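Chains, contacts and geometry: an overview
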Amino acid sequence: MNWVDEAFGDPEYGEGRWYLNPKNHSRQMYKIKKTGQKAAAYGSDPEGTSGRMMGEIMQKRFTDPEKFREEVKEANEMTTKSPFQIGQVIPLQEAFRVAELAYPVASMSCICRIGARGQEERNEHEYSCTGLGVGMFKWERWPERYKGGVNFMSPDEAKEWLLKWNKKGMVHIIMTFGGSYVGGICNCDYPDCGMIRNRVDYGVETGCLKSPWVAAVDYDACSGCGVCVQRCQFGAIKFEVTTEKTNIDQFKCFGCGLCETACPTGAIELLDRESLPGLAEVW
Amino acid sequence: MAVPRFPTIIIDAAKCTVPFACKKCLQACLQSVFSVHAVKVERGRETDPSEAGAYGLNAGHRDKCTGCNDCIEVCPEDAITITFPPVEATA
Ligand code: SF4
Ligand code: SF4
Ligand code: SF4
Ligand code: SF4
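Residues numbered from 1 in each chain as written. Chains lettered and ligands numbered in written order. Predicted model: local features only at pLDDT ≥ 70, side-chain atom pairs only at ≥ 80, totals over all residues. Heavy atoms only, no water.

Description of the pairing of strand β9 (residues 245-248) of chain A
All names here are of chain A. Relative to β9, strand β8 (residues 237-240) is paired through four bridges, and the arrangement is antiparallel. Looking at β9, one finds that Glu240 is bridged to Lys245. Linkage of β8 to β9, two consecutive antiparallel strands, is achieved through a turn of four residues, within which Glu244 is found at a positive phi near 55 degrees. (Pairing = 2+ DSSP bridges. Helix = DSSP H or I, 4+ residues; strand = E, 2+ residues; numbered from the N terminus.)

Notes on a nonpolar patch on the surface
All names here are of chain A. Judged by side-chain polarity, Tyr103, Phe137 and Phe152 come together as a nonpolar surface patch covering roughly 320 Å² of accessible area. The residue Phe152 is located in strand β4 (residues 150-153) in this model. Residue Phe152 is classed as partly exposed on the basis of its relative accessible area, which comes to 35%. (Patch = residues over 30% accessible without salt bridge, like charges linked within 9 Å, V, L, I, M, F, W, Y side chains within 5 Å. Areas by Shrake-Rupley, 256 points an atom, 1.4 Å probe, with all protein chains shown as cover. Salt bridge = Lys/Arg side-chain N within 4 Å of Asp/Glu carboxyl O. Buried < 20%, exposed > 50% of the residue type's maximum accessible area, 1.4 Å probe, protein only.)

What about the interface of chain A and chain B?
Every contact between the two is made by 22 residues of chain A and, on the other side, 26 residues of chain B. When the two sides are added together, the surface that chain A and chain B hide from each other amounts to roughly 2000 Å², 50% of it contributed by carbon and sulfur. Inspection of the region where chain A meets chain B yields three salt bridges. Between B:Glu46 and A:Lys147 there is a salt bridge, and its shortest N-O distance comes to 3.3 Å. (Contact = heavy atoms within 4.5 Å. Buried area = accessible area lost by both parts, 1.4 Å probe.)

So, the site of ligand 3
Taken together, the residues surrounding ligand 3 are B:Cys29, B:Val33, B:Phe34, B:Cys65, B:Thr66, B:Gly67, B:Cys68, B:Asn69, B:Asp70, B:Cys71 and B:Ile82. Considering only residue class, the shell around ligand 3 consists of seven nonpolar, three polar and one charged. (Near = heavy atom within 4 Å. Nonpolar A, V, L, I, M, F, W, Y, C, P; charged D, E, K, R; others polar.)

Quick look at a negative patch on the surface
Together, A:Glu6, A:Asp272, A:Glu274 and A:Glu281 make up a region of like negative charge exposed at the surface. For A:Glu6, the location among the structural elements is in helix α1 (residues 3-8). (Lys, Arg positive; Asp, Glu negative; His and termini not counted. Charge placed at Lys NZ, Arg CZ, Asp CG, Glu CD.)

Some remarks on the side chain of A:Thr130
Residues and elements named next belong to chain A. If you trace the backbone, Thr130 turns up in strand β3 (residues 129-132). We classify Thr130 as buried; its relative accessible area is 1%. Among the polar contacts made by the side chain of Thr130, one reaches the side chain of Trp161 at a distance of 3.3 Å. For Thr130, the side chain forms a polar contact with the main-chain oxygen of Ile185, separated by 2.7 Å. Apart from residues no more than four positions distant in its own chain, Thr130 is found in contact with Val105, Ala106, Met153, Trp161, Leu162, Gly183, Gly184, Ile185 and Asn187. (Polar contact = N/O pair within 3.5 Å; in protein donor to acceptor, adjacent residues only side chain to side chain.)

What to know about the sheet that holds β4(A)
Strands in a sheet are paired, the pairing made by backbone hydrogen bonds, and the direction either parallel or antiparallel. Residue and element names in this part refer to chain A. The strand order β1-β5-β6-β3-β2-β4 describes an open sheet built from six strands, whose pairing is antiparallel. The open sheet terminates on both sides in strands that have one partner only, identified here as β1 (87-90) and β4. Going across the sheet, the axis of each strand differs from the next one's by a mean of 25 degrees, ignoring polarity. Of the pairings in the sheet, the one linking strand β2 (residues 105-108) to β3 comprises four bridges and is antiparallel in character. (Axes fitted to C-alpha atoms, helices over the stretch in contact; angles between N-to-C directions.)

Side note on the nonpolar core
All names here are of chain A. Formed by 43 residues in total, the largest nonpolar core has its most connected members in Tyr19, Val98, Leu132, Leu162, Ile174 and Ile248. Here the element with the most residues in this core is helix α4 (residues 92-101); it accounts for five residues. Not counting residues within four places of it along the chain, the set of residues in contact with Tyr19 comprises His25, Gln88, Ile90, Glu94, Val98, Leu101, Ile174, Val182, Pro212 and Trp213. The next biggest cluster of nonpolar side chains, apart from the first, holds 30 residues, and it includes Phe84, Cys110, Cys129 and Cys256. (Core = buried A, V, L, I, M, F, W, Y, C linked by side-chain atoms within 4.5 Å.)

A few points about the confidence of the model for chain A
Summary statistics for chain A give a mean pLDDT of 90 and a share of 90% for residues scoring 70 or more. Note on residues 36-43 of chain A: pLDDT is under 50 here. Beyond four places in sequence and across chains, it has one contact. (pLDDT = per-residue confidence, 0-100.)

Some points on unusual backbone geometry
All names here are of chain A. Cis peptide bonds are those with omega within 30 degrees of zero, and the linkage from Tyr103 to Pro104 qualifies with -10 degrees. Looking at the element boundaries, Pro104 is found in the loop between α4 and β2. The step from Tyr190 to Pro191 runs through a cis peptide bond, and the omega angle for that step is 0 degrees. Position of Pro191 relative to the elements: it lies in the loop between β6 (182-188) and α7 (194-202). Despite not being glycine, Glu244 has its phi angle at roughly 55 degrees, a positive value. Mapped onto the secondary structure, Glu244 falls in the loop between β8 and β9. Look at Glu244 and you get exposed, because its relative accessible area is 54%.

Here it is as structure tokens:
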């Protein structure tokens, strides 16, 4: 089990995975009466706060690289107190399960793509991010954060929409946004997605943990077509010229399943990460 | 191990006034060094990309800059200056 499941999972729900625990979904919070005191997050801006903290740490790359490495290491080890947002790669089927559990579900513009490439997403045909939970109702108050508006979806529409982005080649990352609850399923790629970039380029783990699965190729079934190679956003797949088959470095694999959903011969299988002693602790 | 050579990247905000509308450097950079963010955020209203100074540009990933100068070439406002430290300084 990874530290997020240990801290926020409940064995009664979704095999103990934190993102399938209803208590981490915001609509459940409305059932909890808070008498006599304001909720901790009342009126605050947890996403902004965590963004600023992250920005300060990232800035140390230039001012004090040694300190930067130390702080990232601490943040990665700090488990529940990590100042970084929590995010975990999940394969499509798990994203579908979340789409059934969360309410409301809406598509919206991706803040990373706005930032990294100035990409504007103005309507439901262009939105590429999925917002989850009652935080979405804030869109009216802070239209700049939800730039271009939001599009509320039924669970079935949400699945169709996730499938669309999976086909295009986006990695699904289940995210919190600084608060303690599940806030979105991002559809991510490198280098535009801040979480993937922070992990791959700078070793910041908490925003982009690996999924509970890992890809494995069946060499007998692999035809060597090479389709899977271009699907991997993590550089885990190489085409092995010697054998004319695909080679997946399972230590680099994040278990997103994009190679699996594209393989025309069904040669790639997602294995339970924890069934492999060498990978059970690799998150 | 070689010491990484970060350049200093200065973006002249007086020249680069509407980066979210222009976005030429953002889209041209092979290393995705730049990012744009809203400087002016108001309750109940979207920020206007054509309003001067409403968005800001920064070179947050300048540690990934190779010095290819593509951004400088595409910039219509001559707003970007990139300076690498001399080789001896990092040897
Ligand atoms: S997509 Fe499937 S068949 Fe094609 S190279 Fe990859 S594993 Fe082999
Ligand atoms: S090897 Fe496949 S499952 Fe693993 S990260 Fe790459 S695309 Fe995703
Ligand atoms: S010089 Fe090249 S790599 Fe550096 S910021 Fe400009 S376009 Fe990007
Ligand atoms: S190309 Fe020049 S003017 Fe346009 S956003 Fe970049 S720095 Fe600003």
